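Geometric and topological summary
So you can see what is in the structure, the chains are spelled out below.
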Amino acid sequence: MNFQQLRSVRETVRCGFNLSEAAVVLEASQSGVSRQIRDLENELGILLFKRSGKRLTGLTSPGDHLLPIIERVLDDSLNLRQAGQDFLAREEGLLSIAATHSQARYALPAAVQEFRLRFPGVRLHLHQGTPRQIAQMLLDGEVDVGIATELPRNHPQLAAISCRCWTHLVVAPAGHPLLTEAPLTIEKLARHPLITYDSGLTGRSRIDEAFARHGLSPDIVLAAMDADVIKTYVELGVGVGIVADLAYDAVRDRRLRALEAGHLFGENRTQLAVRRGGHLRGYIHAFIDAFAPGMAREAIARASAEAPPDDGG
């Protein structure tokens, strides 16, 4: 029995039992992946996969039972390697962070600056992506920490805590008529063409829910991944913008004016996530402290040490 056999089983399941896709992920041939699976089945004396001809169609009952064990063994092997590296280089190494554009652009810089002063020997890799992409990078072990507002909730392998609160602002060019229509209401906002975030990003779901509750269909003429793009087109007069409050600076955005919109769209919470059960090096805890001072380190440490919930009932 070897780790390559276990990886072949895990990736085949993750790829929907498609051996060709699993082979690409493992950088192996399809026949090689198939052979690894059969060798493991022969050693265990059971079939892990259901088959239809040469195609794999699902897990057998024993395969379904053994898959969590296989995943734990692979996770523990990664933790063992990381723990050894952590012992040898307590203040040197690599910290990989995945964040949405808004978090990377506006929320992370202060924490990164503080971290770099404390750990000059640690290299930082910053990845940007959607919440779904960030979750997948965490699951695949590509990053140590993920930061977003709307991380998917269907991944029990991830441990997440809410660590920062923020609200939305409505931004418009100076002199725009909406700026004089106090108080701001959802009905007044719905009369104007709007520019805001793509679905799944930076509290967009709360924006959609607010209009739906009032039976309104907003005229969203442009949706973007980041606030800088939104503000650019607001300045051009394409529409009124809805952005996160951390993305607006009265000095930097001097051509725009902002209206508080927390009463319309509610409070949002930034989530910080790690892979549950993963080994967290000391400097990873230090970064978490820098980004979310207070109880965040203890909370994420407790959550990451817990076993995933048993969905089997």
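Preceding block: the structure.
As a convention, each chain's residues are numbered from 1 in the sequence order in which they are written. In view of the model being predicted, local features appear only for residues whose pLDDT reaches at least 70, and side-chain atom pairs are presented and counted only at 80 or more, with totals across whole chains, interfaces and linings using the full set of residues. To obtain the side-chain values, all non-hydrogen atoms of the structure were used and water was disregarded.

Moving on, we get to the overall build of the protein. Broken down by element type, the protein carries 13 helices and 12 strands. When its C-alpha atoms are laid out on the principal axes, the protein stretches across 75 × 50 × 35 Å. Working rule for contacts: check all heavy atoms of both residues, and any pair within 4.5 Å makes them a contact. Taking the intrachain contacts of the protein between residues at least 6 apart in sequence as the baseline, contacts between residues at least 24 apart amount to 73%. Accessible surface area values rest on a Shrake-Rupley calculation with a 1.4 Å probe, where residue burial reflects the displayed protein chains alone. For the protein, the accessible surface area stands at approximately 16,000 Å², while carbon and sulfur atoms represent 51% of it. Secondary structure elements follow DSSP: runs of H or I of four or more residues count as helices, runs of E of two or more count as strands, with numbering from the N terminus.

A separate point is the sheet that holds strand β3 (residues 93-99). The strand order across the open sheet formed by five strands is β4-β3-β5-β12-β6, and the pairing between neighbours is mixed. On the outer flanks of this sheet lie β4 (122-128) and β6 (158-166), each paired with one strand and no other. Ignoring which end each strand starts from, the neighbouring axes of this sheet average 20° apart. Bridge analysis of β3 against β4 gives seven bridges, and the strand direction is parallel. Bridging across to β4, L95 finds its partner in L124. Against the sheet, helix α12 (residues 282-291) contacts β3, β4, β5 (145-148), β6 and β12 (268-275), and its axis sits at roughly 40° relative to β3. Two strands form a pair only when DSSP identifies at least two bridges running between them. Lines fitted to C-alpha atoms define the axes, with helix axes restricted to the stretch in contact, and inter-axis angles between N-to-C directions lie between 0 and 180 degrees.

This next bit is on the sheet that holds strand β9 (residues 220-224). Taken together, five strands build an open sheet; the order of strands is β9-β8-β10-β7-β11 and the sheet is mixed. With partners counted over all chains shown, the strands left at the sheet margins are β9 and β11 (256-260), one partner each. Across the sheet, the axes of successive neighbouring strands diverge by a mean angle of 30°, strand direction being ignored. Two elements, strand β8 (residues 194-197) and β9, share four bridges in a ladder whose sense is parallel. From the neighbouring strand, Y197 faces β9, where its bridge partner is A224.

By the element assignment, S61 lies in helix α4 (residues 61-88). Distance from S61 to K50, taken between C-alpha atoms, is 9.3 Å for residues 11 residues apart in sequence.

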